[in-house]
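Chain and residue survey
These are the residues of each chain, in order.
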Amino acid sequence: MARKESISIQDILETAFGMAREEGFQNVTARKVAAKAGCSTQPIFRVYKNMEELWEAVYEKAVVFFRDYYDLYPKMGSTPFSNLGMAYIAFAREEKHLFRLLFLSELSGRKSLYEILNGDKNYVLLEINKAARAGCGDPQGMFMRMWLFIHGAACMSLTGDYDLSDLETRRLLEQEYING
């Protein structure tokens, strides 16, 4: 009778994703994943042909995690781009390692910032259309101007250089939109 497998592909992926989230993507190695999962490296390479395949799965899981985070993030106010911006900045503050992986890494084959943000629900396009309906003359240009502030604030939060409250941040986003 064959020995029962004690670790599944889901177990390996969850372990690797948890490590990327807590320790940083650079720490997701076969040995470290195996140690954390309580197995040898053999089960990892039985379900993934190499580490690149596991890393790709972790990356894709992080993309889904961000989109779920945005979907669940409390939406407040109706100013175009402000809810997306608030969620993005909060994600950088709360999920530093995943933010770096998704939005600051130079992984080959990774999705662009726009692809991740827009997602299959067209988050960015919806915001651009909302701005157009609100009378913005150049909604795509407005998105770019707003995004420079949003991405800068998110990056500053990684280093501890961003100390504005959520209320202050929301006010700045709304003011930038009005003045833009």
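**Observations regarding the packing of aromatic side chains**
How two aromatic rings sit relative to each other is given by the distance of their centres and the angle of their planes. Overall, the coordinates contain 16 aromatic pairs when judged by the stated rule. When the ring centre of F17 is taken as origin, the NZ or CZ atom of K61, which lies over that ring, is 5.3 Å away. We note K75 situated over the ring of Y70; from NZ or CZ to the ring centre the distance is 4.1 Å.

**Considerations on helix α9 (residues 139–159)**
Between its first and last C-alpha, α9 extends 31 Å over 21 residues, near the 30 Å set by a 1.5 Å rise per residue. Among all positions of α9, only P139, G141, M142, F143, M146, W147, I150, A153, A154, S157 and L158 are buried. Check the buried side of α9 and you find it contacts α5 (82–94), α6 (96–104), α7 (113–118), α8 (123–133) and α10 (166–179). Within two residues after α9, G160 carries a phi angle of roughly 85°, on the positive side.

**Considering unusual backbone geometry**
Despite not being glycine, F81 has its phi angle at roughly 75°, a positive value. Within the chain, N122 stands out as a residue other than glycine whose phi angle is a positive 55°. With respect to the element layout, N122 can be found in the loop between α7 and α8.

**Considerations on the pattern of salt bridges**
Counting across every chain of the model gives seven salt bridges. The residue R21 makes a salt bridge to E95 at a minimum N-O spacing of 2.6 Å. Here R21 is found in helix α1 (residues 9–23), whereas its partner E95 is found in the loop between α5 and α6, with 74 residues between them in sequence. Using a relative accessible area of 9% as the deciding quantity, one classes E95 as buried. For R93, the salt bridge is made with D166, and the minimal N-O distance between the two is 3.3 Å. A residue pair is termed long-range when its members are at least 10 positions apart, and R93 in helix α5 and D166 in helix α10 qualify at 73 residues.

Each value, and the rule that gives it
Residues numbered from 1 in each chain as written. Predicted model: local features only at pLDDT ≥ 70, side-chain atom pairs only at ≥ 80, totals over all residues. Heavy atoms only, no water. Phe/Tyr/Trp six-rings, centres within 6.5 Å; stacked < 30°, edge-to-face > 60°. Lys NZ or Arg CZ within 6 Å of the ring centre and 35° of its normal. Helix = DSSP H or I, 4+ residues; strand = E, 2+ residues; numbered from the N terminus. Expected span 1.5 Å × (residues − 1). Buried < 20%, exposed > 50% of the residue type's maximum accessible area, 1.4 Å probe, protein only. Contact = heavy atoms within 4.5 Å. Salt bridge = Lys/Arg side-chain N within 4 Å of Asp/Glu carboxyl O.

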